[in-house]
Amino acid sequence: MRESTQPSHLPVMFAQVLEGLRVLGNGRYLDGTFGRGGHARGVLDRLGPDGRLLVMDKDPEAIATAHALFGADARVAVYRGSFADLAHWDETAAGLDGVLLDLGVSSPQLDVAERGFSFAKDAAGHAHGPGLGESAANWLARADEREIADVLWKYGEEKLSRKIARTIVARRDDTPLLRTAQLAELIASVVGRGDSKIHPATRSFQAIRIFINRELEDLERGLAAAHDRLKPGGRLAVISFHSLEDRIVKQFIARHAKAPPGNRRMPVEVAFTPTLADVSGALRAESSETAVNPRARSAVLRVAEKLAAQERP
């Protein structure tokens, strides 16, 4: 039986994203985090015969889904790679009318235990995916206590980072941490379960994922590349699920939209020319969406528009 080509997850903030991108029928748009195609389908539905949709993802399963969904559509081009390298794709050289980056892990990635994203389902390795670099298990086996603690604090804001790191190092020689359930249980034994509905390993798993996948570094590179490739009037829409990610996006937009604060120590004021306009500020999912898709609760959408030269003072 042929697999359904319908998106298998709920695209977060679908209506707000499409409104923010302001899709033109003959425009050229890039979805840099294709996932399972929910947002991309919405963009494609609004494109005319002369429109163009470029989709990227570093996950081979996502790329396979993209080919299954849109492989027969001449308006669509598919590329396997990180959105951090979007400027290396020749298809982007003509300029873009919109760029979408959805920084959340897609539902299928969370739901498949072998992908190693979820502590709720046991799996081996807890890596991002095939061919995508060192696994978390390998890193945890070799990293020293200080490095592990720094990662848990910097990327997960885990208050017990040092105690967790100390416990990991103490136990790994006798019992290597090869499965997600092992790691989750170890962290829970340190943090304690308490009354919170949130699993005690949440912050640590999030931190390790962000670090292993170099997600913050990729985000900074991807934002810069998107800025360079956007045409005047083009829109950048970014959905973040973590405060560190959202801070990077917020600061990036502000850095290109607003002059930096004056410095009395500088003898000459440095001229500033904005290249972006902050269109939306921080947008959040409606209560009707979070009721049916709890993963949308932590989503923050920010939209910016590339300014034309005549719009710059």
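Note: the structure precedes this text.
Read on for an overview of the structure. (Residues numbered from 1 in each chain as written. Predicted model: local features only at pLDDT ≥ 70, side-chain atom pairs only at ≥ 80, totals over all residues. Heavy atoms only, no water.)

Points about the overall build of the protein
Of the regular secondary structure elements, the protein holds twelve helices and eight strands. Out of the 313 residues belonging to the protein, those deemed buried represent 49%. Expressed as a percentage of contacts within the protein between residues at least 6 apart in sequence, the contacts between residues at least 24 apart total 68%. Of the roughly 16,000 Å² of accessible surface on the protein, 50% is carried by carbon and sulfur atoms. (Helix = DSSP H or I, 4+ residues; strand = E, 2+ residues; numbered from the N terminus. Buried < 20%, exposed > 50% of the residue type's maximum accessible area, 1.4 Å probe, protein only. Contact = heavy atoms within 4.5 Å. Areas by Shrake-Rupley, 256 points an atom, 1.4 Å probe, with all protein chains shown as cover.)

Some details on the side chain of Arg302
Within the secondary structure, Arg302 is located in strand β8 (residues 300-306). At 2.6 Å, the side chain of Arg302 and the side chain of Asp246 are in polar contact. The contacts of Arg302, once residues within four sequence positions are left out, are Leu236, Ala237, Val238, Asp246, Val249, Lys250, Ile253, Ser280, Gly281 and Ala282. (Polar contact = N/O pair within 3.5 Å; in protein donor to acceptor, adjacent residues only side chain to side chain.)

Structural notes on the packing of aromatic side chains
Taken as a whole, this structure holds four aromatic pairs when the rule is applied. Note on Phe34 and Phe70: the rings are 6.0 Å apart at their centroids and 85° apart in plane angle, and the pair reads as edge-to-face. One end of the pair, Phe34, is in the loop between β1 (28-31) and α2 (38-46); the other, Phe70, is in helix α3 (residues 60-70), and 36 residues separate them in sequence. Taking the relative accessible area as the measure of exposure, Phe34 reaches 3% and is therefore buried. Relative accessible area serves as the criterion here: at 5%, Phe70 is assigned to the buried category. Note on Tyr79 and Trp89: the rings are 4.9 Å apart at their centroids and 20° apart in plane angle, and the pair reads as stacked. One end of the pair, Tyr79, is in strand β3 (residues 76-80); the other, Trp89, is in the loop between β3 and β4 (96-102), with ten residues separating them in the sequence. Given the relative accessible area of 28%, Tyr79 is considered partly exposed. Its relative accessible area of 8% is what places Trp89 among the buried residues. Among the aromatic residues, those joined into a ring-pair cluster are Trp139, Tyr155 and Phe211. (Phe/Tyr/Trp six-rings, centres within 6.5 Å; stacked < 30°, edge-to-face > 60°.)

Quick look at the environment of Gly95
With respect to the helices, strands and loops of the structure, Gly95 is situated in the loop between β3 and β4. Judged by relative accessible area, Gly95 falls into the buried class, the value being 8%. Placed 137 residues apart in sequence, Gly95 and Pro232 show a C-alpha to C-alpha distance of 9.3 Å. Discounting chain neighbours no more than four positions away, the residues touching Gly95 are Arg28, Arg229 and Lys231.

As for the environment of Thr273
Assignment of secondary structure puts Thr273 in the loop between α11 (243-257) and β6 (276-278). In the structure, Thr273 is positioned 16 residues away from Ala257 in sequence and 8.2 Å away in space, judged by C-alpha atoms.

A look at the pairing of β8
Most of β8 sits inside the fold, with seven of its seven residues counted as buried. Across six bridges, the pairing between strand β5 (residues 230-240) and β8 is antiparallel. Counted as the bridge partner of Ile239 is Leu301 from β8. Taken together, the three bridges between β6 and β8 define a ladder with antiparallel strand orientation. Bridge pairing in β8 links Asp278 to Ala304. Where strand β7 (residues 283-284) lies against β8, two bridges are found, and the strand directions are antiparallel. Residue pairing in the sheet places Leu283 in a bridge with Leu301 of β8. (Pairing = 2+ DSSP bridges.)

Things to note about the packing of helix α10 (residues 215-229) against α11
Two numbers describe how α10 lies on α11: the axes approach to 10 Å, and their chain directions differ by 30°. Put simply, α10 runs roughly parallel to α11. α10 and α11 meet at a crossing whose hand is right-handed. Here Glu215, Leu216, Leu219, Glu220, Leu223, Ala224 and His227 of α10 lie close against α11, whose contacting residues are Leu244, Glu245, Ile248, Val249, Phe252 and His256. Looking at side-chain class alone, the contact of α10 with α11 contains eight nonpolar, two polar and three charged residues. (Axes fitted to C-alpha atoms, helices over the stretch in contact; angles between N-to-C directions. Parallel < 35°, antiparallel > 145°, perpendicular 65-115°, else oblique. Left-handed = near helix turned anticlockwise from the far one by under 90°. Nonpolar A, V, L, I, M, F, W, Y, C, P; charged D, E, K, R; others polar.)

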